[in-house]
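Spelled out, the chains give:
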Amino acid sequence: MTSTPRHPELEADQRADRRTWVYFAVFLFASFLVTSLSDQHDIQKAGLPYANMPWLAQATSHLVILAMTPFITFMLSRFPLADWRRTLPVHAVAVVIFSVVHILAMVALRKLLAPVFFGVPYDFGLTDLSTWLYEFRKDVLSYALIAAIFATNRLAEQRGMEARAAQKEASERHRLTLKSGGRTYFVDADDIIWVRAASNYVEVVTPARTYLARATLTELEKLLTAAGGRHARVHRSHLVNLDKVSEIRPTGEGDVTLTLESGDVVPGSRRYRDAYAPPVAGDGAAVSRQSG
């Protein structure tokens, strides 16, 4: 008997969807309450009959949207938004299907329930093209919002899964997982000389090459700590391998510059002074370390 292979990415999407369903159900219920109360207030203010009709109208609309949401999550799985240039036309067709089903189903429910609750027939005006366009505009927004909510939570779950895998790789194999230029690189922690923050990226300098990886300095610091490296934050935007420091020279006011064995010079802030031992011997003195 063969076991079904596990797909971590699919499982991550399913975990994200389960969590998102809770948030989305609460959001949809809140939307139902707000729109129903607002429409009811407008009808009462205008002195029109059937002031409670909006509760039925909004309930049927929101329930059909909730029932149609699995269709949107299915489309996201088959046609991910990350590849939007290829999948956008498919989602455009899906929006039309979503809107048509939404309109026909909610109108059918209203025609069925309006005579029961209000004793009057319900006329939506399906023969009027402007009515379809009015509802379609709202459905485009609904589809886009739902797709964005689920896709964003899926992405967050995928990022979390990748972060946990990188943490495990660092602690067990003492190497870092760096994503650069669409590729994944595995770099031994001891080979990393220094790291500099660069907006949403970090520059990771090794003897062989420099990697521009999509990560924060704090994330990389955690991975280096898990890998057991002798790396320390010496500045808000710099990490260094303390074993690669050849000289620490004061610049005044408690700040320093750190010269590395590679010849690179990195700033050191007094805020992180405790991290780069040995202590500075004075404002005008430099501390050097001979390698070998």
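Everything below is about the structure shown above.
Residues numbered from 1 in each chain as written. Predicted model: local features only at pLDDT ≥ 70, side-chain atom pairs only at ≥ 80, totals over all residues. Heavy atoms only, no water.

### Quick look at the overall build of the chain
- The helix and strand inventory of the chain stands at 5 helices and 11 strands.
- Here the C-alpha radius of gyration of the chain, 30 Å, is well above what a compact globule of 292 residues would show, namely 19 Å.
- Expressed as lengths along the three principal axes of its C-alpha atoms, the size of the chain is roughly 95 × 60 × 30 Å.
- Here the chain holds 292 residues, and the buried ones make up 38% of them.
- At a minimum sequence separation of 6, the contacts of the chain that also span at least 24 residues come to 53%.
- With an accessible surface of roughly 17,500 Å², the chain has 59% of that area assigned to carbon and sulfur atoms.
- Taken as two groups, the 33 positive and 29 negative side-chain charges of the chain have centres that lie 2 Å from each other. (Helix = DSSP H or I, 4+ residues; strand = E, 2+ residues; numbered from the N terminus. Rg over C-alpha atoms; globule rule 2.2 N^0.38 Å. Buried < 20%, exposed > 50% of the residue type's maximum accessible area, 1.4 Å probe, protein only. Contact = heavy atoms within 4.5 Å. Areas by Shrake-Rupley, 256 points an atom, 1.4 Å probe, with all protein chains shown as cover. Lys, Arg positive; Asp, Glu negative; His and termini not counted. Charge placed at Lys NZ, Arg CZ, Asp CG, Glu CD.)

### Describing the packing of helix α2 (residues 53-78) against helix α3 (residues 84-118)
- For the pair α2 and α3, interaxial distance at closest approach is 8 Å and the crossing angle is 150°. In terms of orientation, α2 lies roughly antiparallel with respect to α3. Our pair here, α2 against α3, has a crossing hand that is right-handed.
- Considering only residue class, the contact of α2 with α3 consists of 21 nonpolar, 5 polar and 1 charged. (Axes fitted to C-alpha atoms, helices over the stretch in contact; angles between N-to-C directions. Parallel < 35°, antiparallel > 145°, perpendicular 65-115°, else oblique. Left-handed = near helix turned anticlockwise from the far one by under 90°. Nonpolar A, V, L, I, M, F, W, Y, C, P; charged D, E, K, R; others polar.)

### Details of the packing of aromatic side chains
- Tallied over the entire structure, the rule returns 9 aromatic pairs.
- Plain terms: the ring middles of Phe29 and Phe32 are 6.2 Å apart, the flat faces sit at 40° to each other, and that makes the pair tilted. Remark: Phe32 and Phe29 occur in helix α1 (residues 8-46); sequence separation between them is 3 residues, near one turn of the helix.
- Under the relative-accessibility criterion, Phe32 is labelled buried at 16%. (Phe/Tyr/Trp six-rings, centres within 6.5 Å; stacked < 30°, edge-to-face > 60°.)

### Some points on unusual backbone geometry
- In this model, His174 sits at a positive phi of 55°, which is unusual for a non-glycine residue.
- Along the chain, the position of His174 falls in the loop between α4 (129-173) and β1 (175-180).
- For His174, a relative accessible area of 44% translates into the label partly exposed.
- A positive phi angle, near 60°, is found at Ser199, a position not held by glycine.
- Position of Ser199 among the secondary structure elements: in the loop between β3 (194-198) and β4 (201-205).

### Notes on a nonpolar patch on the surface
- Residues Val96, Val100, Leu104 and Leu126 make up a contiguous nonpolar surface patch of about 280 Å² in total accessible area.
- Here Leu104 lies in helix α3.
- Residue classification places Leu104 among the partly exposed positions, given a relative accessible area of 43%. (Patch = residues over 30% accessible without salt bridge, like charges linked within 9 Å, V, L, I, M, F, W, Y side chains within 5 Å. Salt bridge = Lys/Arg side-chain N within 4 Å of Asp/Glu carboxyl O.)

### Quick look at the side chain of Thr206
- Relative to the helices and strands, Thr206 is located in the loop between β4 and β5 (210-213).
- There is a polar contact of 2.7 Å between the side chain of Thr206 and the backbone oxygen of Arg209. (Polar contact = N/O pair within 3.5 Å; in protein donor to acceptor, adjacent residues only side chain to side chain.)

### Some details on the pattern of salt bridges
- Taken as a whole and judged by the stated rule, the model has 13 salt bridges.
- Notably, a salt bridge pairs Glu157 with Arg15, separated by 3.0 Å at the nearest N-O pair. Taken together, the residues Glu157 in helix α4 and Arg15 in helix α1 connect sequence positions 142 residues apart.
- Residues Glu135 and Lys138 are paired through a salt bridge, measuring 3.6 Å at the closest nitrogen-oxygen approach. Taken together, the residues Glu135 and Lys138, both in helix α4 and 3 residues apart, mark about one turn of the helix.
- Look at the salt bridges and you will find they share partners, linking Arg15, Arg19, Glu157 and Arg164 into a network.

### Some words on the side chain of His238
- With respect to the helices and strands, the residue His238 is situated in strand β7 (residues 238-241).
- His238 sits in the buried class, given a relative accessible area of 8%.
- At a separation of 3.1 Å, a polar atom in the side chain of His238 contacts the side chain of Ser237.
- Those residues in contact with His238 that sit more than four places away from it in its chain are Trp194, Val195, Arg196, Leu217, Ala232, Arg233, Val266 and Pro267.

### Quick word on the pairing of strand β10 (residues 265-268)
- Side chains Val266 and Gly268 of β10 all project onto a buried face; the interleaved residues Val265 and Pro267 project onto a face where none is buried.
- Looking at chain direction, strand β9 (residues 255-260) and β10 are connected through 4 bridges and run antiparallel. Among the inter-strand pairings, Leu258 is bridged to a residue of β10, identified as Val266.
- A loop of 4 residues connects β9 with β10, the two strands running antiparallel in sequence, and Gly263 in this loop sits at a positive phi of about 95°. (Pairing = 2+ DSSP bridges.)

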